[in-house]
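Here are the chains, one letter per residue:
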Amino acid sequence: MKYGNIRNIKKELLSDNWYTLNKVTFEYQREDGTWETQVREAYDRGNGAAILLYNVQKGTVVLTRQFRMPTYLNGNADGMMVEACAGLLEKGNAEQTIKMEVEEETGYKIDKVKKVFEAYMSPGSVTEILYFFIGEYEASMKVSEGGGAVDETENIEVLELRFDEALEMVKTGEIKDAKTIMLLQYAQINAVFGQ
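Residues numbered from 1 in each chain as written. Predicted model: local features only at pLDDT ≥ 70, side-chain atom pairs only at ≥ 80, totals over all residues. Heavy atoms only, no water.

Defined as follows: UniProt positions are given in the numbering used here, feature names are shortened, and annotations may be inferred rather than shown by experiment.
If you check an unreviewed UniProt entry, the protein chain appears there as GDP-mannose pyrophosphatase from Flagellimonas taeanensis. Quoted verbatim from the Sequence similarities (unreviewed entry) field of the UniProt record, the comment on the protein chain reads "Belongs to the Nudix hydrolase family. NudK subfamily." The record in UniProt for the protein chain states the following under Cofactor (unreviewed entry): "Mg(2+)".

In structure tokens:
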């Protein structure tokens, strides 16, 4: 039996202060063929990209540390998060965006990246698809201190960590960011460091 169709979608804008929050009312067809009215809120902040920068020879990764207010509001004592470099897509191009974000946030200018997967990060309430990349870096690619775009008030600290240390930080809870954990686990599962 075919089910899961939707009809009569109505969107009501609740907020567009930063990004867009809509209340969506729709009819959903259940497995038994009956229709039920459902109401959901969907936050649209656009799609994004994230990257794990790695150096096989040194056995290191480049991550960032920055303040994240939503985590502070939900129990993260200082609000600081260790994360993979990431950003919202500019003009819809994930590869160009991530290269630009890498330079802004970390100070490395890289020209080769590899898309490894994509995922909805919070499909119950957020429309965002995140495109995941990995890319090699070396010292000669460092063109600035990084730290983020001044006009975006990012205040980003750049961290170069041993890969095994970063994995341990996931275990200890020092890294709690989902995209970062996913990329580190990808690197581990796929033996990016030859382990």
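## What about the UniProt feature "binding site: Mg(2+)" (unreviewed entry) in the protein chain?
Stated precisely, the cut-off is as follows: Helix and strand definitions follow DSSP, with helices as H or I runs of at least four residues and strands as E runs of at least two, each counted in order from the N terminus. Only protein chains enter the area calculation, which uses a 1.4 Å probe; residues under 20% of their type maximum are buried, those over 50% are exposed, and those in between are partly exposed.
Mapped onto this numbering, the UniProt entry annotates "binding site: Mg(2+)" (unreviewed entry) at Ala86, Glu101, Glu105 and Glu154. Within the secondary structure layout, Glu101 lies in helix α2 (residues 94–106). Within the secondary structure layout, Glu105 lies in helix α2. Its relative accessible area of 2% is what places Glu105 among the buried residues.

## Regarding the packing of helix α3 (residues 163–172) against helix α4 (residues 178–189)
Defined as follows: Axes, fitted as lines to C-alpha atoms, cover a helix only where it is in contact. Angles between the N-to-C directions of the axes lie from 0 to 180 degrees. Reported orientations rely on four angle classes, namely roughly parallel under 35 degrees, roughly antiparallel over 145, roughly perpendicular from 65 to 115, and oblique for the rest. Crossing handedness is read from the near helix: turned anticlockwise from the far helix by less than a right angle, it gives a left-handed crossing, and turned clockwise, a right-handed one. Residue contacts follow a heavy-atom distance rule, with two residues in contact if any of their heavy atoms lie within 4.5 Å. The residue classification treats Ala, Val, Leu, Ile, Met, Phe, Trp, Tyr, Cys and Pro as nonpolar and Asp, Glu, Lys and Arg as charged. All others, Gly included, are polar.
Packing of α3 against α4 brings their axes to within 10 Å, and their N-to-C directions diverge by 130°. One way to sum up the angle between α3 and α4 is to call them oblique. Handedness of the crossing formed by α3 with α4: left-handed. Contacts between α3 and α4 involve Phe163, Ala166, Leu167 and Val170 on the former and, on the latter, Ile181, Leu184, Ala187 and Gln188. Class assignment for the residues of the contact of α3 with α4 results in seven nonpolar, one polar and no charged.

## Remarks on the pattern of salt bridges
Quick note on the threshold: Any Lys or Arg side-chain nitrogen located within 4 Å of an Asp or Glu carboxyl oxygen qualifies as a salt bridge.
This structure, assessed with the given rule, holds 13 salt bridges. One salt bridge in this structure joins Glu118 and Lys115, with 2.5 Å as the shortest N-O distance. What makes Lys115 partly exposed here is its relative accessible area of 42%. In this structure, Glu165 and Arg162 form a salt bridge, with 3.7 Å as the shortest nitrogen-oxygen distance. A relative accessible area of 46% places Arg162 in the partly exposed class. Taken together, the shared-partner salt bridges connect Arg68, Glu83, Asp177 and Lys179 into one network.

## Digging into the sheet that holds strand β2 (residues 20–29)
Where we set the bar: For two strands to count as paired, DSSP must find a minimum of two bridges between them.
On the basis of which strands lie adjacent, the open sheet formed by three strands has the order β1-β2-β3 and antiparallel pairing. Among the strands making up the open sheet, the edge pair consists of β1 (6–15) and β3 (35–44). Put simply, the sheet's adjacent strands are angled 20° from each other on average, direction ignored. Sheet topology places β1 next to β2; seven bridges connect them, and they run antiparallel. Bridging from a neighbouring strand, Lys10 pairs with Thr25 of β2.

## Details of α2
Condition: Multiply 1.5 Å by the residue count of a helix minus one, and that product is the helix's expected span. This arc is built from the directions going out from the helix axis to the C-beta atoms. For the purposes of these results, a polar contact is taken to be a pair of N or O atoms within 3.5 Å, where, inside protein, one atom must be able to donate a hydrogen and its partner to accept one; residues adjacent in sequence count only when each atom of the pair is a side-chain atom.
Its 13 residues give α2 an end-to-end C-alpha distance of 17 Å, which sits within 8% of 18 Å, the value for a rise of 1.5 Å per residue. Among all positions of α2, only Ala94, Thr97, Ile98, Glu101, Val102, Glu105 and Thr106 are buried. The buried residues of α2 occupy an angular sector of 140° when the element is viewed end-on, so they sit on one face. Next to the buried residues of α2 lie β4 (48–55), β5 (60–67), β7 (85–88), β9 (129–136) and β10 (157–162). Capping the start of α2 is the job of one residue whose side-chain oxygen sits 3.1 Å from the backbone nitrogen of Glu95: Asn93.

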